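Here is how the chains run, residue by residue.
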2 protein chains.
Amino acid sequence: MSGHLAVVGLGPGDARCLTPEADEALAAAQALYGYGPYLDRVAGRPNQTRHASDNRQERARAIAALAHAAQGGRVAVVSGGDPGVFAMAAAVCEEIEAGPESFRALDLVIVPGITAMLAVAARIGAPLGHDFCALSLSDNLKAWSLIERRLDAAAGAGFVLALYNPVSRARPWQFGRAIELLRRHLPQSTPVVFGRAIGREEERVSVTTLAAADGATADMATLVIVGSRETRVIARPGKSPLVYTPRVAAEVSA
Amino acid sequence: MSGHLAVVGLGPGDARCLTPEADEALAAAQALYGYGPYLDRVAGRPNQTRHASDNRQERARAIAALAHAAQGGRVAVVSGGDPGVFAMAAAVCEEIEAGPESFRALDLVIVPGITAMLAVAARIGAPLGHDFCALSLSDNLKAWSLIERRLDAAAGAGFVLALYNPVSRARPWQFGRAIELLRRHLPQSTPVVFGRAIGREEERVSVTTLAAADGATADMATLVIVGSRETRVIARPGKSPLVYTPRVAAEVSA
């Protein structure tokens, strides 16, 4: 009796961004596990159970879903964006490695989705059009010194930065510190994009500069893109500006 | 008379990974522009014209599509994966900036898609589960020395690496050089994933180590993921191994 676990990316939240593969995986599941607000985005099916948990309960959620599937169930864990980018797929793999043999015998399918940085970038132009890094500013699971080291390395080498989890109630100062650090590497005019809830009613996208970037613009659901020295802004009469990073890169000065 | 240009991400190639938003944008277009093999993936619609061009004709393709839209047309440029990641969105923005005022007056919509690194990662586990960089190994538009500098910075700071455009007929040695350089930063046992054509008949995904990684496994359509010191492999009896990067990061030793 081998169960089936799907870890499914919902994309940024607009149903028009949910892939048919994700839709099918959700429809086929007997049980859905996930953070409550993500589960709320999924249409219910008859005879399908729902198991909502809190935002920071990734480990307990992964174990519960794996144990359910290991009993022979067809289970789906829902994840915002892409499950492989600062989301549930790594949490599930951690518990597969740590857990009983039955977890490794499961049929596991990970269904990719549109992660926040792609959704925000598409709304504003092509800021990720050249080499970039995706970095979580949460120091819950790594030392803040390591985050600073990675910001230094990435900005110093000319990568554009996509910053996940910039701020939370428990982490009020980290984003401001990161911006201060990036100001040492990059011109004050470097474009910075804030985006949240792409495709949903509460969508917000704004462009500012590294000099003017302010942590008050961000919350836990915000994705921040900090440009490189190459990133450009195109003004458009009567339209929002475009932000993009050209495909041609000049040598980065040390 | 203001035209409309959509830059549409097709995802990795499987129709089950094409979002409804992308499907609608393609259906609404009067004219499709794109690299021939990408256009071949799109179902034709009555009265819709097709304008295929070669792989390295991004600039000419962008200009032709913009000019067509500026004449009042409803035009779509198709892009593999996500248009914002080493694809057509940046090329289109470059020509909007360089071109006539009419290009900046267009309605421009960029429709995100599942980029190759997300599709490959989902097939194998969660190798991008922690901080990572996306880097093109093509030195057509940047100096090779800059690529080496970025590889050094990213691997040295503990980022996982997603390498796009690892090899082409005109760039036979670059991938091997990159692997040699990464061997100086990372243990020989570091997991390396090669993936191509996810969801298509010719799909290939394989896992090896940095010691055994060989450029002959890659071509222009291959996406390579090189793990960090934290990336792990889970063996599963009777199933393919899982590769993932835990959410908890240890401090990186210098």
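In case you missed it, the structure is sitting above this.
In short, a report on the structure. Note that the coordinates shown come from a computational prediction; the quantities given were computed from them, not determined experimentally.

What counts, and at which threshold
Residues numbered from 1 in each chain as written. Chains lettered and ligands numbered in written order. Predicted model: local features only at pLDDT ≥ 70, side-chain atom pairs only at ≥ 80, totals over all residues. Heavy atoms only, no water. Helix = DSSP H or I, 4+ residues; strand = E, 2+ residues; numbered from the N terminus. Rg over C-alpha atoms; globule rule 2.2 N^0.38 Å. Buried < 20%, exposed > 50% of the residue type's maximum accessible area, 1.4 Å probe, protein only. Contact = heavy atoms within 4.5 Å. Buried area = accessible area lost by both parts, 1.4 Å probe. Salt bridge = Lys/Arg side-chain N within 4 Å of Asp/Glu carboxyl O. Nonpolar A, V, L, I, M, F, W, Y, C, P; charged D, E, K, R; others polar. Pairing = 2+ DSSP bridges. Least-squares fit on C-alpha atoms with pLDDT ≥ 70 in both. Right-handed = clockwise from strand over helix to strand, strands pointing away. Axes fitted to C-alpha atoms, helices over the stretch in contact; angles between N-to-C directions. Core = buried A, V, L, I, M, F, W, Y, C linked by side-chain atoms within 4.5 Å. 1 Å grid on protein atoms, 1.4 Å probe; cavity = no way out; pocket = protein on both sides within 12 Å on 5 of 7 lines; lining within 4 Å. Points joined across faces, edges and corners; volume = space filled by probe spheres on them.

### Some thoughts on the overall build of chain A
On a plain count of helices and strands, chain A comes out with eight helices and 13 strands. The globule rule puts the C-alpha radius of gyration for 254 residues at 18 Å, and the 20 Å found for chain A is close to it. On the principal axes, the C-alpha backbone points of chain A span a range of 60 × 40 × 35 Å. The buried share among the 254 residues of chain A stands at 57%.

### What about the interface of chain A and chain B?
Taken together, the contact between chain A and chain B spans 78 residues of the former and 78 residues of the latter. In this assembly, chain A packs against chain B so that about 6700 Å² is buried in total across both faces, 57% of it on carbon and sulfur atoms. Of all residues in chain A, Arg-16, Arg-150 and Arg-247 of chain A bury the most surface against chain B, accounting for 12% of the area lost on that side. For the interface between chain A and chain B, the tally reads 14 salt bridges. Between Asp-131 of chain B and Arg-150 of chain A there is a salt bridge, and its shortest N-O distance comes to 2.7 Å. Split by residue class, the side of chain A that touches chain B holds 46 nonpolar, 13 polar and 19 charged. The pairing of strand β7 (residues 132-136) of chain A with strand β7 (residues 132-136) of chain B spans three bridges and is classified as antiparallel. Counterpart to Cys-133 of chain A in the pairing with β7 of chain B is Cys-133 of chain B.

### Looking at the environment of Leu-151 of chain B
All names here are of chain B. Along the chain, Leu-151 turns up in helix α7 (residues 144-156). Taking the relative accessible area as the measure of exposure, Leu-151 reaches 0% and is therefore buried. For Leu-151, the residues in contact, after removing those within four places along its chain, are Leu-135, Leu-137, Gly-156, Leu-161, Leu-163, Ala-178, Leu-181 and Leu-182.

### Notes on helix α6 (residues 116-124) of chain B
Where burial is concerned, most of α6 of chain B is hidden: seven out of the nine residues are buried. Just past α6 of chain B, the residue Gly-125 of chain B takes up positive phi, approximately 140 degrees.

### Re the relation of the copies chain A and chain B
With an axial shift of 0.0 Å and an RMSD of 0.0 Å, the rotation relating chain A to chain B amounts to 180 degrees. Taken together, the turn and the small shift mark the pair as related by a two-fold rotation axis. Take the interface residues of chain A: 100% of them recur as interface residues in chain B, which is what a same-surface contact looks like.

### Brief notes about the pairing of β7 of chain B
All names here are of chain B. With five of its five residues buried, β7 lies for the most part within the structure. As paired strands, β7 and strand β8 (residues 160-164) are joined by five bridges and run parallel to one another. Bridged to Ser-136 within β8 is Tyr-164. Tracing the backbone out of β7, into α7 and back to the parallel element β8 gives a crossover that is right-handed.

### Quick word on the sheet that holds strand β4 (residues 74-79) of chain B
Residue and element names in this part refer to chain B. In space, the five strands of this open sheet follow the order β3-β2-β4-β1-β5, with parallel pairing throughout. This sheet does not close on itself; its edge strands, each paired only once, are β3 (49-53) and β5 (107-111). With strand direction ignored, the average angle separating the axes of adjacent strands in the sheet is 15 degrees. Taken together, the five bridges between strand β2 (residues 31-35) and β3 define a ladder with parallel strand orientation. The partner of Tyr-35 across the bridge, within β3, is Ser-53. Strand contacts of helix α3 (residues 58-70): β1 (4-9), β2, β3 and β4, with the helix running at about 175 degrees to β2, the strand carrying the most contacts. The strands that helix α4 (residues 88-98) touches are β1, β4 and β5; relative to β1, the one it contacts most, it runs at about 155 degrees.

### Things to note about the sheet that holds β7 of chain B
Strands in a sheet are paired, the pairing made by backbone hydrogen bonds, and the direction either parallel or antiparallel. As summarised here, the arrangement of the ten strands in space is β10(A)-β9(A)-β11(A)-β8(A)-β7(A)-β7(B)-β8(B)-β11(B)-β9(B)-β10(B), forming an open sheet in which the pairing is mixed. Only two strands of the sheet have a single neighbouring strand rather than two, namely β10 (204-209) of chain A together with β10 (204-209) of chain B. Here the average twist between neighbouring strands, direction ignored, is 15 degrees. Where strand β9 (residues 191-196) of chain B and β10 of chain B come together, six bridges link them in antiparallel fashion.

### Remarks on the nonpolar core
Counting residues in hydrophobic clusters, the biggest one holds 54 residues, and the most contacted among them are Leu-151 and Leu-161 of chain A together with Leu-151 and Leu-161 of chain B. Core analysis: the next-biggest nonpolar cluster, separate from the first, contains 38 residues, Tyr-164 and Ile-225 of chain A together with Ile-124 and Ala-162 of chain B among them.

### Description of empty space enclosed by the protein
Counting across every chain of the model gives two cavities of 30 Å³ or more. Volume-wise, the largest cavity comes out at about 70 Å³. What lines the largest cavity is Glu-21 and Pro-112 of chain A together with Pro-12, Asp-14, Arg-16, Cys-17, Ala-119, Ala-122, Arg-123, Ile-198 and Gly-199 of chain B. Of the residues forming the lining of the largest cavity, the biggest block, three residues, is contributed by α6 of chain B.

### Digging into unusual backbone geometry
In this structure, Asn-165 of chain A is a non-glycine residue whose phi angle is positive, near 50 degrees. Residue position: Asn-165 of chain A is located in the loop between β8 (160-164) and α8 (174-183). One non-glycine residue, Ala-197 of chain B, lies in the positive phi region at around 55 degrees. One can find Ala-197 of chain B in the loop between β9 and β10. Its relative accessible area of 8% is what places Ala-197 of chain B among the buried residues.

### Regarding the side chain of Thr-115 of chain B
Along the polypeptide, Thr-115 of chain B turns up in the loop between β5 and α6. For Thr-115 of chain B, a relative accessible area of 2% corresponds to the buried category. Thr-115 of chain B has contacts with Leu-118 of chain A together with Gly-81, Asp-82, Val-85 and Tyr-164 of chain B, leaving out every residue within four places of it along the chain.

### Let's talk about the pattern of salt bridges
Applying the stated criterion across every chain, the model contains 26 salt bridges over all chains. Across the pair Asp-107 of chain A and Lys-239 of chain B runs a salt bridge whose closest N-O atoms are separated by 2.8 Å. Separated into two different chains, Asp-107 of chain A in strand β5 (residues 107-111) and Lys-239 of chain B in strand β13 (residues 239-244) make up a pair that spans both. For Asp-107 of chain A, a relative accessible area of 34% translates into the label partly exposed. On the basis of relative accessible area, Lys-239 of chain B is assigned to the partly exposed category, the value being 27%. In this structure, a network of salt bridges that share partners links the residues Glu-58 and Glu-94 of chain A together with Arg-247 of chain B.

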